[in-house]
Amino acid sequence: MTDVVTRTTQHVPVSGLGDRVRSLRLSAGLTQTQLAGDRFSKEYVSQIERGKTRPTRETIEWLAARLAVDPEFLASGVSADRRARIEAALARAEALTVANEVDDALSAFEAVRPDVGSTGSAELELRALVGHARALVRSGDARSALDLLHAARDIAEGSGFSDVDRADVLFRLGICRYTLSSVATAVSLFDEALALAEGAGLPCDLLRADILQWRSRCRRRQRDFEAAREDVGRALELSRAAGDRRMQANSFFQASLVAERMGHLVLSRNYAQQARALYTELDDEQNVGRLLLNLGGLHLLLGKPDEAIEHLTQSFALSVETGSQPEAAQAVSGLATVYLRLGDYGTAEENARKALELLEGREDFLGEIGQCQLTLGEALMEQGLLDEAEECFRAADGAFEQYASVGHRAGAWVALGDLAARRGDDREAARHYRNAAEALRDIRF
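Residues numbered from 1 in each chain as written. Predicted model: local features only at pLDDT ≥ 70, side-chain atom pairs only at ≥ 80, totals over all residues. Heavy atoms only, no water.

So, about the overall build of the protein. The helix and strand tally for the protein stands at 23 helices and 0 strands. For 445 residues, the compact-globule estimate of 2.2 N^0.38 gives 22 Å, and the C-alpha radius of gyration of the protein, at 28 Å, exceeds that figure by more than 25%. Once the C-alpha set of the protein is aligned to its principal axes, its extents read approximately 100 × 40 × 40 Å. Taken as a whole, the protein presents about 20,900 Å² of accessible surface, with 47% of it coming from carbon and sulfur. Put simply, the protein has 54 plus and 69 minus side-chain charges, and the middle of one group is 5 Å from the middle of the other. (Helix = DSSP H or I, 4+ residues; strand = E, 2+ residues; numbered from the N terminus. Rg over C-alpha atoms; globule rule 2.2 N^0.38 Å. Areas by Shrake-Rupley, 256 points an atom, 1.4 Å probe, with all protein chains shown as cover. Lys, Arg positive; Asp, Glu negative; His and termini not counted. Charge placed at Lys NZ, Arg CZ, Asp CG, Glu CD.)

Shown next as structure tokens:
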């Protein structure tokens with residue numbers, strides 16, 4: 001008979017295990033010697049029961065067979081059947097999040113939370129926290145998501161988790177920080193997550209691609225378009241190598257946005273059309289709606305307002321159908337911009353007000369809110385409603401300040417300069433124009 005020494009992998013937590021072994025042994029009418037059999041010593045069984053040693057998974061399975069119980073129950077106090085039911089409930093909640101049925105997802109995560117806690121399983125707890133946080137971000141409550149992810153980060157630091165697990169939590173934290181306009185913090189979190197994922201020595205190409213896509217968004221916000229292009233190019237390579245069509249579609253989408261910001265409008269449209277084709281194959285109507293929104297803006301920039309209106313109208317219809325209110329708002333805002341360019345200021349005003357109504361209270365869409373305020377202000381200014389226009393321009397500036405984008409604020413200052421010029425106040429106009437020019441000069445292009 002030989003004792004089993006502690007190993008560095010696949011250990012079962014000691015907490016509660018010794019008590020269960022002792023209770024089940026006594027119920028079976030076995031002595032420690034009898035339970036140990038020819039495999040272990042009596043002293044080793046005693047050490048397990050007193051919590052002095054950590055048995056391996058293999059040992060747990062052997063003891064469970066001797067005690068005629070489920071190995072999962074012996075290890076954690078939760079039977080395999082019960083764990084399977086909890087995992088199924090978590091999978092359902094995660095699927096609801098992906099389907100954008102956010103309210104149902106949040107209810108599902110809340111409902112399963114007590115069951116997850118009762119298992120004492122760090123793995124299930126981490127999964128529940130991250131999943132719940134993702135649903136909260138989708139609902140626009142990134143601040144509550146941060147609290148859950150900080151708890152998840154503490155759990156992921158445990159020895160039972162890999163660097164890929166830690167990278168995923170950091171990635172989710174980065175998304176929250178980006179959503180809350182803490183772009184520099186988001187970049188740091190994405191950098192750390194990417195370093196962990198790349199050094200983990202485990203297959204995680206899709207996670208790496210996701211991190212690179214989100215870091216590309218940050219680079220666009222920082223107007224470092226070359227870095228954004230490099231990140232999204234790497235993401236596209238990884239998604240192609242993995243053969244994941246959804247990730248390829250996401251990468252083409254981000255590539256389209258970067259190309260647009262760099263002034264490559266035809267290339268941007270080509271990327272957007274490739275993304276749209278993939279999303280259509282995947283029957284992903286929500287992202288098809290987002291692509292139509294992007295294509296609408298591109299057609300406007302290419303001097304095709306009729307095509308822009310067609311795409312934006314289709315985007316609005318799909319957004320309503322999929323229950324995505326923020327995307328519906330962005331489609332209406334896009335229509336307001338088109339009608340402003342066409343000189344239909346009344347219709348532009350109507351659409352801009354509708355978009356702002358749809359985005360009310362969504363601090364995770366500050367950039368879009370600011371743009372709506374700008375469009376509304378310009379429509380009002382063209383109708384001679386200068387005081388109302390000024391309120392809108394200043395509201396836009398306030399939203400862009402919270403959005404932490406000097407480039408966007410410069411747009412609001414130009415609008416205020418135009419307003420001052422309409423009023424005949426050339427000195428005030430010059431001041432606003434100068435502020436905008438100085439701000440843009442300091443931005444890295």
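Inspection of every chain in the model, using the stated rule, returns 1 cavity of 30 Å³ or more. Forming the walls of the largest cavity are Phe109, Arg113, Val116, Gly117, Glu125, Ala128, Leu129 and His132. Listed by contribution, the elements that provide at least two residues to the lining of the largest cavity are α7 (102-119) and α8 (122-139). Within the lining of the largest cavity, the residues separate by chemical class into 4 nonpolar, 2 polar and 2 charged. (1 Å grid on protein atoms, 1.4 Å probe; cavity = no way out; pocket = protein on both sides within 12 Å on 5 of 7 lines; lining within 4 Å. Points joined across faces, edges and corners; volume = space filled by probe spheres on them. Nonpolar A, V, L, I, M, F, W, Y, C, P; charged D, E, K, R; others polar.)

Attention now goes to the pattern of salt bridges. This structure, assessed with the given rule, holds 29 salt bridges. Between Arg362 and Asp364 there is a salt bridge whose closest N-O contact spans 2.8 Å. Assigned by exposure class, Arg362 and Asp364 land together as buried. Taken together, the shared-partner salt bridges in this structure form one network comprising Glu198, Asp205, Arg208 and Arg234. (Salt bridge = Lys/Arg side-chain N within 4 Å of Asp/Glu carboxyl O. Buried < 20%, exposed > 50% of the residue type's maximum accessible area, 1.4 Å probe, protein only.)

Of note, Glu360 is situated in the loop between α19 (345-358) and α20 (366-382). The spatial distance from the C-alpha of Glu360 to the C-alpha of Ala329 is 10.0 Å, given a sequence separation of 31 residues.

Glancing now at unusual backbone geometry. With phi around 65°, Arg223 is a residue other than glycine that occupies positive phi space. Residue placement: Arg223 occurs in the loop between α12 (205-221) and α13 (225-242). When its relative accessible area of 18% is taken as the criterion, Arg223 is described as buried.

A word on the packing of helix α22 (residues 406-422) against helix α23 (residues 426-441). Between α22 and α23, the least distance of the axes is 8 Å, while the angle of their chain directions is 165°. Viewed along their axes, α22 and α23 adopt a mutual orientation that is roughly antiparallel. Along this stretch, α22 crosses α23, giving a crossing that reads as left-handed. When α22 is examined against α23, the residues Val406, Gly407, Ala410, Trp413, Val414, Leu416, Gly417, Asp418, Ala420 and Ala421 are found in contact with a partner set consisting of Glu428, Ala429, His432, Tyr433, Asn435, Ala436, Ala439 and Leu440. Considered class by class, the residues forming the contact of α22 with α23 number 12 nonpolar, 4 polar and 2 charged. (Axes fitted to C-alpha atoms, helices over the stretch in contact; angles between N-to-C directions. Parallel < 35°, antiparallel > 145°, perpendicular 65-115°, else oblique. Left-handed = near helix turned anticlockwise from the far one by under 90°. Contact = heavy atoms within 4.5 Å.)

As a further point, take the packing of α8 against helix α9 (residues 142-156). At a minimum axis separation of 8 Å, α8 and α9 run at an interaxial angle of 160°. The angle between the axes of α8 and α9 places the two elements in the roughly antiparallel class. Crossing of α8 against α9: the hand is left-handed. Listed contacts from α9 to Ala122, Glu125, Leu126, Leu129, Val130, His132, Ala133, Leu136 and Val137 of α8 are Ala142, Ser144, Ala145, Leu148, Leu149, Ala151, Ala152, Ile155 and Ala156. Tallied by class, residues from the contact of α8 with α9 come to 15 nonpolar, 2 polar and 1 charged.

Close reading of the predicted structure is inappropriate where its pLDDT is low. Looking at the protein as a whole, the pLDDT averages 90, with 96% of positions reaching at least 70. Here residues 1-15 is a poorly scored stretch, pLDDT under 50, and it has 33 contacts once near neighbours within four places are set aside; other chains count. (pLDDT = per-residue confidence, 0-100.)

Mapped onto the secondary structure, Gln32 falls in helix α2 (residues 32-36). Ignoring anything within four residues of it in the chain, the contact list for Gln32 reads Arg25, Lys42, Val45, Ser46 and Glu49.

With 17 residues, helix α15 (residues 265-281) should reach 24 Å at 1.5 Å per residue; the first-to-last C-alpha distance of 24 Å fits that figure. Contact partners of the buried residues in α15: α14 (245-261) and α16 (285-301). Following α15 by one or two positions, Asp283 adopts a phi angle in the positive range, close to 60°. (Expected span 1.5 Å × (residues − 1).)

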